[in-house]
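Analysis of the macromolecular model
So you can see what is in the structure, the chains are spelled out below.
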Amino acid sequence: MNTPTTADAGSAQLKVAVIYYSSTGTVAALAKEIGETAEKAGAEVRLRRAPELAPQSAIDSNPAWAENQRATADIPEASPEDVEWADAVLFGTPTRFGNVSSQLKQVLDQLGGLWAEGKLADKVYSGFTSSASLHGGQETTLLALYTTIHHFGGLIAAPGYTDPSKFTDGNPYGTSHTDAQGANPVDETARTAARVQAERVVRIARGVKAGLAA
């Protein structure tokens, strides 16, 4: 997803980073949907995965986890440079006890140098998540993520209830999905939420970028 398009002729192309962690593939599927939608909306997109911290023995003990590792091996790992490059960043994480996964948290914790230089401010950010059980900490995970964005001086573009579909998926904080330990694959409701969120982020980030450049 690094091929520029010709959208927005006459102005610098919007750059969007989709940075996520996924163990068994749910958040990876949402990240792919978000990245593809952002590209269709005219953005240049970097899809990046957080480096894995779990031991290989733990991964191999779960067939879905091992399969997702194989399926996403070609996706580059996230680095601070990806965040510095982007005009907008969408972070994805499964919920871990109502909070951000340690893998994505490590990515965030490595941004201290950019933060100190003021290079994280004035970008547009948004988040997406999944959990095994209904609710299961989805909203608290996104709110915890957004606490970090406040420290960046970033601009949060949550989906809110800005599209009729949001009254179906019911999460104004960001795209979320309940996978029931793999029994519920990412469905059209979640994919619609991902598309609505990506389009909104691109639209708002484009306006912010133009405004800052004026």
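For clarity, every value in this text was computed on a predicted model and none was experimentally measured.

1. Notes on the overall build of the protein
Check the secondary structure of the protein and you find 9 helices and 7 strands. Its C-alpha atoms give the protein a radius of gyration of 16 Å, within 12% of the compact-globule value 17 Å for 214 residues. When burial is assessed residue by residue, the protein has 48% of its 214 residues classed as buried. Contacts spanning at least 24 positions in sequence make up 79% of the contacts within the protein whose residues lie at least 6 apart. Seen as two clouds, the 18 positive and the 24 negative side-chain charges of the protein have centres 3 Å apart.

2. Overview of the pattern of salt bridges
Applying the stated criterion to the full structure yields 14 salt bridges. One salt bridge in this structure joins D82 and R46, with 2.8 Å as the shortest N-O distance. With D82 in helix 4 (residues 80–85) and R46 in strand 2 (residues 44–49), the pair connects residues that are 36 residues apart, well separated along the chain. For the pair D82 and R46, one class covers both residues: buried. Between K119 and E84 there is a salt bridge; the shortest N-O distance is 3.2 Å. Placement of the pair is K119 in the loop between helix 6 (112–116) and strand 5 (124–131) and E84 in helix 4, with a sequence separation of 35 residues. Through salt bridges with shared partners, a single ionic network connects E33, E188, R191 and R195.

3. Focus: unusual backbone geometry
The phi dihedral of F97 falls on the positive side, at around 55°, and the residue is not glycine. Mapping F97 onto the fold places it in the loop between strand 3 (88–96) and strand 4 (99–100). Unlike most non-glycine residues, D122 shows phi in positive territory, near 70°. Looking at the secondary structure, you find D122 in the loop between helix 6 and strand 5. By relative accessible area, D122 is classed as partly exposed at 44%.

4. Side note on the packing of helix 1 (residues 26–40) against helix 9 (residues 188–213)
The contact between helix 1 and helix 9 brings their axes to 8 Å, and the two run at 45°. When the axis of helix 1 is compared with that of helix 9, the two are oblique. Between helix 1 and helix 9 the crossing geometry is right-handed. Here A29, L30, E33, I34, T37 and A38 of helix 1 lie close against helix 9, whose contacting residues are A190, R191, A194, R195, A198, E199 and V202. Here the contact of helix 1 with helix 9 is composed, by residue class, of 8 nonpolar, 1 polar and 4 charged.

5. Comments concerning the packing of aromatic side chains
Applying the stated rule across the entire model yields 3 aromatic pairs. A ring pair is formed by F91 and Y125, whose centres lie 6.3 Å apart and whose planes are at 10°; its orientation type is stacked. Residue F91 is found in strand 3, and its partner Y125 is found in strand 5; the two are separated by 34 residues along the sequence. By the burial criterion, F91 is buried, and Y125 matches it. Centroid distance Y125 to F152: 5.6 Å. Interplanar angle 55°. Geometry classified as tilted. Placement of Y125 in strand 5 and of F152 in helix 7 (residues 138–152) is noted, with a sequence separation of 27 residues between them.

6. Quick word on the side chain of T93
By secondary structure assignment, the location of T93 is in strand 3. The class for T93 is buried, based on a relative accessible area of 1%. In terms of polar contacts, T93 uses its side chain to reach the side chain of S101, at 3.0 Å. Those residues in contact with T93, other than ones at most four positions away along the chain, are Y21, V27, V100, S101, L104, F128, T129, S130 and T141.

Here is what the cut-offs are and how they apply
- Residues numbered from 1 in each chain as written.
- Predicted model: local features only at pLDDT ≥ 70, side-chain atom pairs only at ≥ 80, totals over all residues.
- Heavy atoms only, no water.
- Helix = DSSP H or I, 4+ residues; strand = E, 2+ residues; numbered from the N terminus.
- Rg over C-alpha atoms; globule rule 2.2 N^0.38 Å.
- Buried < 20%, exposed > 50% of the residue type's maximum accessible area, 1.4 Å probe, protein only.
- Contact = heavy atoms within 4.5 Å.
- Lys, Arg positive; Asp, Glu negative; His and termini not counted.
- Charge placed at Lys NZ, Arg CZ, Asp CG, Glu CD.
- Salt bridge = Lys/Arg side-chain N within 4 Å of Asp/Glu carboxyl O.
- Axes fitted to C-alpha atoms, helices over the stretch in contact; angles between N-to-C directions.
- Parallel < 35°, antiparallel > 145°, perpendicular 65-115°, else oblique.
- Left-handed = near helix turned anticlockwise from the far one by under 90°.
- Nonpolar A, V, L, I, M, F, W, Y, C, P; charged D, E, K, R; others polar.
- Phe/Tyr/Trp six-rings, centres within 6.5 Å; stacked < 30°, edge-to-face > 60°.
- Polar contact = N/O pair within 3.5 Å; in protein donor to acceptor, adjacent residues only side chain to side chain.

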